[in-house]
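# Structural features, examined
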Amino acid sequence: MNYKSTRDNTVSVSSAQAIAQGISTDGGLFIPETIPALTMADLQEIAGMNYVDAAQKVLGYFLTDYTAEEIADCAKGAYIGTFDDDQPAPLAKIGDKAYSLELWHGPTCAFKDLALQILPYLLTKAAKKTADGETKVILVATSGDTGKAALEGFADVEGVKILVFYPSDGVSAMQKLQMTTQKGNNVGVCAIHGNFDDAQTGVKQIFTDKEKAAALKVGNMAFSSANSINWGRLVPQIIYYIYSYATLLREGVLNQGEIMNVVVPTGNFGNILAAYYAKQMGVPVGKLICASNQNNILTDFIRTGTYDRNRDFYTTLSPSMDILISSNLERLLYHLTDGNAAQVKVWMEELSATGKYTVDETTRQKIADLFYGGCADDTKTKAAIARQFAKNGYLADPHTGVALDVYETYVAETGDDTVTVIASTASPFKFSKGVLEAVGEAADGDEFALCEALSARTGYAIPKSIAALKGATPRFTDICEKQDMWQQVEKMLGL
Ligand SMILES: *Cc1c(COP(=O)(O)O)cnc(C)c1O
């Protein structure tokens, strides 16, 4: 199966090429030319598999130029022995009809690990297949979690260098410490004066700048991406939605063909897009419930069809969702317009020129049928964390808290009592201060004092990888202006 660009239907590359390159040269994102179909028999078969086997089956549909052996290598390397549970994406029952899909049992305690533990395997194999022998230079813009997960995944991987940019005031103290203390000889981390959108825009500009690509080529290097603009990030995320459905089948919670709803706390629209792909493949998913924090641009978009980033940007308790340009929406628009790349290109150009675009009525209606959009500010988020904890002692981080609040609102508004899977995207210990406040405790002291207080209050254990950071000294202290990101790249690569 080949991949096209959302902005140019004449583009056709293999999956290895799409993963190695990250983004199409026209600035569009790679999308599969067809969406593979799963039958009920496939879902039943997956219900009998462990996660690693299920991952191989799902990856096999999309990565048709990888051999079965290569895919097995990737899945085993990524998911065996790396998560604190032999089940990388367990489901916890948290309500009558509600299940928390815990995606934070990996080395960096956020859902990004599910994709970024496997991407290095996919990418190094892709680089060999495309036979360019080039060193891949991975630039990452992060709102906090991608950066650390990518650093952890790519540290000391041969043939790769990685440089992460994060907004200096836009990540939690623990997220910052996780990144700035990263080990490895091929890694770099730099703060920028600006927000996540500035970092993401800067990285995309560098990626698509032909002169900069030429400068790298001289040293036998080429850019690639570990952000969710890279197809290699999205495809591993489809696995856990399929696997959740299969698990609920196996446990008898769902009957064959019965639908489940999905709630996803959303920023760049990657994780929820993966759920959309699972639905398009044939998993009986009902509503895709898109939960935003106070940066509720997606709520407005789903409700009105107008995407308008000309609005205030808020720094919230859920920093990984403090985003106003949700890159992966471009992929959804491509699919919903039946592959109208010319139209998608116009909308994306309008977005970069005016900060705004409005989709046509047919597309708006399709979005309204598929999705429900809701949002929760910090006050509502904390209240939702507190309610859940009081109800059954289940502790959620603020991103998951946003999802819990939006889920409750959705049920109250619609009366829809479908079995629902709520993506739980981070460990509460990455955001101890907000979570402690939510459960009614004073939150003073350094990050580790806060973690200990949270553990004492809730009985939850501090994840090992977080406890291990205590006393670690930051290696990376650079901070740059948003227009100077390229200089940082030059410095790291010695150009
Ligand atoms: C990245 C992230 C999100 C948002 O996911 P997208 O794929 O960007 O929509 C939500 N929660 C946490 C904890 C994250 O790290």
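Here's a quick rundown of the structure.

The rules behind each value
Going along each chain's sequence as written, the residues are numbered from 1 onward. Thresholds applied to this predicted model are a pLDDT of at least 70 for local features of residues and 80 or more for the giving and counting of side-chain atom pairs; totals over whole chains, interfaces and linings are not thresholded and use all residues. In computing side-chain values, all of the structure's heavy atoms are included and hydrogens and water are not. Helix and strand definitions here come from DSSP, where helices need a minimum of 4 consecutive H or I residues and strands a minimum of 2 consecutive E residues; each element is numbered from the N-terminal end. The globule rule used here is 2.2 Å times the number of residues to the 0.38 power, and the radius of gyration it is set against is calculated over C-alpha atoms. The classification of residues rests on relative accessible area computed with a 1.4 Å probe and restricted to protein chains. Under 20% of the type maximum is buried, over 50% is exposed, and intermediate values are partly exposed. Here, residues are in contact when the closest pair of their heavy atoms is within 4.5 Å. Just to be clear on terms, a salt bridge is a Lys or Arg side-chain nitrogen sitting within 4 Å of an Asp or Glu carboxyl oxygen. Note on pairing: two strands pair once DSSP finds at least 2 bridges between them. Orient the strands so they point away from the viewer, and a crossover whose first-strand-to-second-strand path over the helix runs clockwise is right-handed. Only protein atoms enter the calculation, which uses a 1 Å grid: trapped sets of points that fit a 1.4 Å probe without letting it out are cavities, open sets showing protein on both sides within 12 Å along at least five of seven lines are pockets, and any residue with an atom within 4 Å of a point is a lining residue. Grid points are joined across faces, edges and corners, and a volume is the space filled by probe spheres set on the points. All amino acids are sorted into three groups, where Ala, Val, Leu, Ile, Met, Phe, Trp, Tyr, Cys and Pro are nonpolar, Asp, Glu, Lys and Arg are charged, and the leftover types, Gly among them, are polar. Axes, fitted as lines to C-alpha atoms, cover a helix only where it is in contact. Angles between the N-to-C directions of the axes lie from 0 to 180 degrees. Helix crossings get a hand from a simple test, with the near helix turned counterclockwise from the far one by less than a right angle marking a left-handed crossing and a clockwise turn marking a right-handed one.

## Remarks on the overall build of the chain
When you go through the chain residue by residue, the secondary structure sums to 22 helices and 16 strands. By the compact-globule yardstick of 23 Å for 495 residues, the chain fits well, its C-alpha radius of gyration being 21 Å. Seen along its three principal axes, the alpha-carbon backbone of the chain occupies a region of about 60 × 50 × 45 Å. The 495 residues of the chain split such that 61% are buried. Contacts in the chain between residues far apart in sequence, at least 24 positions, make up 75% of those at least 6 positions apart.

## Let's talk about the pattern of salt bridges
According to the stated counting rule, one finds 22 salt bridges in the structure shown. In this structure, Glu70 engages Lys129 in a salt bridge whose closest nitrogen and oxygen atoms are separated by 2.7 Å. Taken as a pair, Glu70 in helix H4 (residues 68–79) and Lys129 in helix H6 (residues 119–129) lie far apart in primary sequence, 59 residues in all. For Lys482, the salt bridge identified is with Asp198, shortest N-O distance 3.6 Å. Within this pair, whereas Lys482 is found in the loop between strand S16 (479–481) and helix H22 (485–493), its partner Asp198 is found in helix H9 (residues 196–207), the two being separated by 284 residues in sequence.

## Observations concerning the pairing of strand S7 (residues 160–167)
Counted residue by residue, S7 has seven buried out of eight residues, so it is predominantly covered. Two elements, strand S6 (residues 135–141) and S7, share six bridges in a ladder whose sense is parallel. Among the inter-strand pairings, Ile138 is bridged to a residue of S7, identified as Ile162. Following the backbone out of S6, through helix H7 (residues 145–154) and into the adjacent parallel S7, one traces a crossover that is right-handed. Here six bridges tie S7 to strand S8 (residues 187–193), and the two strands are oriented parallel to one another. If you follow Leu163 over to S8, its bridge partner there is Gly188. In this view, the connection linking S7 to its parallel neighbour S8 by way of helix H8 (residues 173–180) has right-handed handedness.

## Some points on the layout of surface pockets
There is about 580 Å³ of room inside the largest pocket. If you go around the largest pocket, you meet 24 residues; those closest to its centre are Arg7, Thr201, Lys204, Met348 and Ser352. When residues of the lining of the largest pocket are assigned to their parent elements, the largest contribution, six residues, is made by H9. Tallied by class, the residues present in the lining of the largest pocket amount to seven nonpolar, nine polar and eight charged. Considering only enclosed or pocket space, the second largest pocket measures out at about 440 Å³ in volume. Lining the second largest pocket we find 20 residues, and of these Gln21, Thr25, Ala213, Ala222 and Phe223 sit closest to its centre. For the lining of the second largest pocket, the secondary-structure elements that each account for two or more residues are helix H1 (15–21), helix H10 (210–218) and strand S9 (221–225).

## Notes on unusual backbone geometry
You will see that Asn220, though not glycine, has its phi angle at about 55 degrees, which is positive. As for its position among the elements, Asn220 is in the loop between H10 and S9. Overall, Asn220 belongs to the partly exposed group, its relative accessible area being 38%.

## A word on the packing of helix H14 (residues 329–336) against helix H15 (residues 341–354)
The contact between H14 and H15 brings their axes to 9 Å, and the two run at 145 degrees. The two elements H14 and H15 cross, and the hand of that crossing is right-handed. Contact with H14, carried on its side by Glu330, Leu333 and Tyr334, involves Ala341, Val344, Trp347 and Met348 of H15 and no other residues of that element.

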